[in-house]
Amino acid sequence: MHLKPLCQLNDELDALLDKLNLVPAEDESTDELVSYLQELVGKRQSLLVKAFENATAADAVELKKQITLSQSFEVKANMIKAHRQSLLHAGRKSKQQLNMYKTIDSNR
């Protein structure tokens with residue numbers, strides 16, 4: 001079983017998730033980073049299928065390691081998603097309040 005490409009991809013995926021966590025939500029590069037994330041996840045799925053399609057009991061340790069990595073990637077992605085959703089919600093609430101104040105001001 002040849003896992004070097006998978007290990008490199010895992011490192012790249014981890015670094016991309018870290019970068020997404022640091023980039024402000026309003027940054028224009030966010031969309032590109034998310035698209036690239038989707039591409040990497042697809043590649044990882046393909047590599048995992050190829051690497052483990054004929055897995056034996058001897059491969060169980062490596063398979064468990066990859067499952068744990070998948071779970072950690074999922075946790076990171078969900079944290080980023082939740083943070084971005086909270087920012088969107090706060091932005092909408094602020095916009096609604098601003099519109100309300102504009103309406104009050106225009107009725108004076």
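Our structure's up above, just so we're on the same page.
All figures in this text were calculated on a predicted structure; none of them were measured in a lab.

Trainee: Give me the lowdown on the overall build of the protein chain, citing residues and values where you can.
Mentor: For the protein chain, the helix and strand inventory stands at 3 helices and 0 strands. Counting from the amino terminus, helix and strand elements in the protein chain follow one another as α-α-α. Taking the contacts inside the protein chain whose residues are at least 6 apart along the sequence as the reference set, 70% of them involve residues at least 24 apart.

Trainee: Requested: an account of the nonpolar core, with residues and values cited.
Mentor: As a rule of thumb, nonpolar side chains are buried together in soluble globular proteins. Residues Leu9, Leu13, Leu16, Leu17, Leu20, Val23, Leu33, Leu37, Leu40, Phe73 and Ile80 constitute the largest nonpolar core, which totals 11 residues. For this core, the secondary-structure elements that each account for two or more residues are helix H1 (4–22), helix H2 (29–52) and helix H3 (60–106). Top element by residues in this core is H1. It accounts for 5 residues. When residues no more than four places from it in sequence are discounted, the contact partners of Leu20 are Thr30, Leu33, Val34, Leu37, Ile80 and Arg84. The next biggest cluster of nonpolar side chains, apart from the first, holds 5 residues, and it includes Leu3, Leu6, Ala51 and Phe52.

Trainee: Tell me about the pattern of salt bridges, and please be specific about residues and values.
Mentor: On inspection of all chains with the given rule, the structure shows 3 salt bridges. Where salt bridges share partners, they join Asp14, Asp18 and Lys76 into one cluster.

Trainee: Can you lay out a negative patch on the surface for me, pointing to particular residues and giving the numbers?
Mentor: Among the surface-exposed residues, Glu26, Asp27, Glu28, Asp31 and Glu32 lie close enough to one another that they form a single negatively charged patch. Within the element layout of this structure, Glu32 appears in helix H2. A relative accessible area of 60% places Glu32 in the exposed class.

About the cut-offs
Residues numbered from 1 in each chain as written. Predicted model: local features only at pLDDT ≥ 70, side-chain atom pairs only at ≥ 80, totals over all residues. Heavy atoms only, no water. Helix = DSSP H or I, 4+ residues; strand = E, 2+ residues; numbered from the N terminus. Contact = heavy atoms within 4.5 Å. Core = buried A, V, L, I, M, F, W, Y, C linked by side-chain atoms within 4.5 Å. Buried < 20%, exposed > 50% of the residue type's maximum accessible area, 1.4 Å probe, protein only. Salt bridge = Lys/Arg side-chain N within 4 Å of Asp/Glu carboxyl O. Patch = residues over 30% accessible without salt bridge, like charges linked within 9 Å, V, L, I, M, F, W, Y side chains within 5 Å. Areas by Shrake-Rupley, 256 points an atom, 1.4 Å probe, with all protein chains shown as cover. Lys, Arg positive; Asp, Glu negative; His and termini not counted. Charge placed at Lys NZ, Arg CZ, Asp CG, Glu CD.

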